[in-house]
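For reference, the chains in residue letters:
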Amino acid sequence: MGYYDQDYVNEYRKKNRKRGYFFSGFIGALIGGLIVAASIPFLIHTDVLPIEPTEQNVSENGETEENIDQNGIVRNVSVNVTTDITKAVDKVSDTVVGITNYTNGNFWSQSLEAGTGSGVIYKKEGNTAFIVTNNHVIEGADQLEVSLSDGTKLEAELLGSDLWTDLAVIKVDGTEIDQVAEFGDSDSLNLGEPVIAIGNPLGLEFSGSITQGIISGLERTVPIDFDSDGIADWNAEVLQTDAAINPGNSGGALVNISGQVIGINSMKIAEQEVEGIGFSIPINIAIPIIEDLEQFGQVKRPYMGVSLEDISQISTYHWHETLKLPANVNAGLMIAEIVPGSPADQAGLKRMDVIVNLDGEEIHSIIDLRKYLYTQKEIGDSLVVGVYRDGEYMEMTIVLSEGQL
């Protein structure tokens, strides 16, 4: 057996180990470099170099969309942006106008601008165009100005307005107006049906704004307190939608997917914790109101000629001691005043009579009475009024005339 110096052997193994590490690292670096070098043209080509669209990449309206093909090359492809919604908007958008309410008859002072809203051109007759909007948009105005979709401003004349339905009709010179809105059928709407709201949220700066949503509720009733006494005076019958409706949208159009106006936007629930609850007056309810306002300047409704007070606002002491109501009567309307010569006066009704039914239909509130009169009766109709007087029940027949209650 030969003799080997152990120190020499250890030193030899150490040098060879270092040489192995060097070659392994060099080979790894070389392979990595080749991979990076091979990938550089791909990275530059897709992320940096522009790709010029060819005729095949551009749509007829010039709109394109970037797409990456199977080879990783960015190409522009045509996109069809015409949808049922865009068609509906194209059909009706030019018929939605802005309405500015001015006080004191001065168009030049911005400080006298009382507010802005929206309206819908629904009719043209000769050189006159007719616009429907909300009563609260034109309320208190000394002058009204209409802004068309192209920016043209026209002085407007108020034909009539109605507090109860929150509708108004105005007219403008229609020489430059070619398009009018088409009314749809609000009675045929379905829950979940797509709708579009068009108007001027927050003023003319955002004129012609489009929002999309669905029909969230049909035949909703919203209590309205006109005199701010804390008691509802009327229940507005409305459509509910989650299409965004903001101040300035009032009087604008709620449109179906066919581009037909099926509602006049009117109000929303504006509470911090509430989102997406807006209301629109159904067009089938609005049409007869619009026709009356256009023709007569007011809505012709049956008239009784009384001032009423809900007995729920009277102490129970007076129910029994003053009005002498039976114990089983807990709802009704006390006659506070009677207009001399009115249908109620002619029929023999008196102050402090308590109305409990009309034509046999129970009446629990002023809203019940107005709804029955305004939806079930016409001017000239007979109305049987059931009342309690000094504890005795009696019925009297009224022949309704024209007016408000």
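Per chain, residue numbering runs from 1 following the sequence as it is written. Owing to the predicted nature of the model, reporting of local features is limited to residues with pLDDT of at least 70; listing and counting of side-chain atom pairs is limited to 80 or more, with chain, interface and lining totals taken over all residues. With hydrogens and water set aside, each side-chain value is computed from the structure's full complement of heavy atoms.

An unreviewed UniProt entry lists the protein under the name Trypsin-like peptidase domain-containing protein, with Fervidibacillus albus given as the organism.

(A) Structural context of the overall build of the protein. On a plain count of helices and strands, the protein comes out with 7 helices and 22 strands. Burial classes: relative accessible area under 20% of the type maximum marks a residue as buried, over 50% as exposed, and values in between as partly exposed (1.4 Å probe, protein chains only). Residues counted as buried form 40% of the 405 residues belonging to the protein. Taking as baseline every contact in the protein between residues at least 6 positions apart, the subset at least 24 positions apart corresponds to 60%. When the accessible surface of the protein is totalled, it reaches about 22,700 Å², and 50% of it is carbon and sulfur. Each helix corresponds to a stretch of at least 4 residues labelled H or I by DSSP, and each strand to a stretch of at least 2 residues labelled E; elements are numbered beginning at the N terminus. In this analysis, two residues are considered to be in contact whenever any of their non-hydrogen atoms come within 4.5 Å of each other. Per-residue and other accessible areas were derived by the Shrake-Rupley procedure at a 1.4 Å probe size, with only the shown protein chains allowed to occlude residues.

(B) The arrangement of helix α4 (residues 283-296) in detail. Its 14 residues place the ends of α4 19 Å apart at the C-alpha level, agreeing with the 20 Å of an ideal helix rising 1.5 Å per residue. Listed in full, the buried residues belonging to α4 are Ile283, Ala286, Ile289, Ile290, Asp292 and Leu293. Following α4 by one or two positions, Gly297 adopts a phi angle in the positive range, close to 80 degrees. An expected span of 1.5 Å times one less than the residue number is assigned to each helix.

(C) Here's a closer look at the environment of Ala181. Tracing the sequence through the fold places Ala181 in the loop between β8 (167-173) and β9 (194-199). Under the relative-accessibility criterion, Ala181 is labelled buried at 9%. Once the C-alpha coordinates of Ala181 and Asp94 are considered, the two residues, 87 residues apart in sequence, prove to be 8.7 Å apart. Residues contacting Ala181, with those up to four places away along its chain left out, are Val92, Thr95, Val120, Ile121, Tyr122 and Val261.

(D) Region of the structure containing a negative patch on the surface. On the surface, Asp90, Asp94, Asp150, Asp173, Glu176 and Asp178 cluster together into a negatively charged patch. By the element assignment, Asp173 lies in strand β8. In this structure Asp173 comes out as partly exposed when scored by relative accessible area, which is 43%. Think of a patch as exposed residues, more than 30% relative accessible area, with no salt bridge, where like charges cluster within 9 Å and nonpolar side chains (Val, Leu, Ile, Met, Phe, Trp, Tyr) cluster within 5 Å. The salt bridge criterion pairs a side-chain nitrogen of Lys or Arg with a carboxyl oxygen of Asp or Glu, the two atoms within 4 Å. Two residue types count as positive, namely Lys and Arg, and two as negative, namely Asp and Glu; His and chain ends fall outside the count. Here the site of a charge means NZ on Lys, CZ on Arg, CG on Asp, or CD on Glu.

(E) Structural detail: the pairing of strand β11 (residues 234-241). Most of β11 sits inside the fold, with 6 of its 8 residues counted as buried. For two strands to be treated as a pair, DSSP must find no fewer than two bridges joining them. Looking at chain direction, strand β10 (residues 209-224) and β11 are connected through 7 bridges and run antiparallel. Bridge pairing links Arg220 to Val238 in β11. Direction of pairing for β11 relative to strand β14 (residues 278-282): antiparallel, over a ladder of 3 bridges. Paired with Thr241 across the two strands is Gly278, which belongs to β14.

(F) How the structure looks around the pattern of salt bridges. Scanning the entire structure with this criterion turns up 8 salt bridges. Ionic pairing is found between Lys91 and Glu182, a salt bridge with its closest N-O pair at 2.9 Å. Of this pair, Lys91 sits in helix α2 (residues 84-92) while Glu182 sits in the loop between β8 and β9, placing them 91 residues apart in sequence. Judged by relative accessible area, Lys91 falls into the partly exposed class, the value being 35%. A relative accessible area of 36% places Glu182 in the partly exposed class. Its salt-bridge partner being Asp353, residue Arg389 comes within 2.8 Å of it at the nearest N-O pair. With Arg389 in strand β20 (residues 382-389) and Asp353 in the loop between α6 (343-347) and β18 (354-358), the pair connects residues that are 36 residues apart, well separated along the chain. For the pair Arg389 and Asp353, a shared accessibility class is recorded, and that class is buried. Linked by salt bridges that have partners in common, Lys123, Glu125 and Glu294 make up one network.

(G) Local environment of the environment of Gly391. By the element assignment, Gly391 lies in the loop between β20 and β21 (392-399). Exposure remark for Gly391: the relative accessible area of 24% places this residue in the partly exposed category. For the pair Gly391 and Leu325, spaced 66 residues apart in sequence, the C-alpha to C-alpha distance is 5.1 Å. With near-sequence residues (within four places) excluded, Gly391 lies in contact with Leu323, Lys324 and Pro326.

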